[in-house]
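Coordinate analysis (summary)
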Amino acid sequence: MIIGKKRRRRPEKKEKAPDLETTSGCFARKKKEITNCEHVDQKFYAKGMCKNCYHKKGRTKPANCCPNKTMYSRNLCQNCYMKYYGKQRRRDNREHKLDEANLFAESDQDKSIV
Ligand SMILES: [Zn+2]
Ligand SMILES: [Zn+2]
């Protein structure tokens, strides 16, 4: 009988925290504070502004695709950026069907906000 015999077990490694948690941990550091806009209670985004104000004030260059629009990201206006990178997302969706529901939920939210 082996009852009573102590098995030596390697201490189990703690599961790695998902990347999301590590990044949010970085946000928890109060190094970056909002100083350029009045939305001090908002999440810091860039250049001392919240996300909203950064997109409004921080980026004033015209978009390459549509010069009458403000550049949103990668020299594209928000419209074209979403068109272009939205397609890439959908491709990813096909590859990772499990994530499909999540991503669709996200895009639905985006639509409601915009
Ligand atoms: Zn703001
Ligand atoms: Zn455009």
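Residues numbered from 1 in each chain as written. Chains lettered and ligands numbered in written order. Predicted model: local features only at pLDDT ≥ 70, side-chain atom pairs only at ≥ 80, totals over all residues.

On to the overall build of the protein. Assigned secondary structure in the protein consists of four helices and four strands. For the protein, the proportion of contacts with a sequence separation of at least 24, taken over those separated by at least 6, is 0%. (Helix = DSSP H or I, 4+ residues; strand = E, 2+ residues; numbered from the N terminus. Contact = placed C-beta atoms within 7 Å.)

So, about unusual backbone geometry. The residue Arg-74 is not glycine, and still its phi comes out positive at about 50°. The topology assignment puts Arg-74 in the loop between β3 (71–73) and β4 (76–77). Overall, Arg-74 belongs to the exposed group, with 12 C-beta atoms counted inside 10 Å. With a phi close to 65°, Asn-75 is a non-glycine residue in the positive phi region. Along the chain, Asn-75 turns up in the loop between β3 and β4. You can call Asn-75 partly exposed: it has 13 C-beta atoms within 10 Å. (Buried ≥ 20, exposed ≤ 12 C-beta atoms within 10 Å, placed from the backbone.)

Okay, the environment of Ile-34 next. You can see Ile-34 is positioned in the loop between α1 (19–28) and β1 (44–46). On the basis of neighbour count, Ile-34 is assigned to the partly exposed category, with 19 C-beta atoms found within 10 Å. Each C-alpha atom of the pair Ile-34 and Cys-50 lies 6.6 Å from the other, and the pair is 16 residues apart in sequence. In this structure Ile-34 touches His-39, Val-40, Gln-42, Phe-44, Gly-48, Met-49 and Cys-50, once residues within four positions along its chain are discounted.

A separate point is the environment of Asn-36. Mapped onto the fold, Asn-36 is located in the loop between α1 and β1. C-alpha of Asn-36 to C-alpha of Tyr-54: the two residues are 18 residues apart in sequence and 9.2 Å apart in space. Ignoring anything within four residues of it in the chain, the contact list for Asn-36 reads Lys-47, Gly-48 and Met-49.

A few words now on the confidence of the model for the protein. Averaged over every residue, the pLDDT of the protein is 71; the share at 70 or more is 53%. Across residues 20–29, confidence stays below pLDDT 50; counting only partners more than four residues off in sequence or on other chains, it has one contact. (pLDDT = per-residue confidence, 0-100.)

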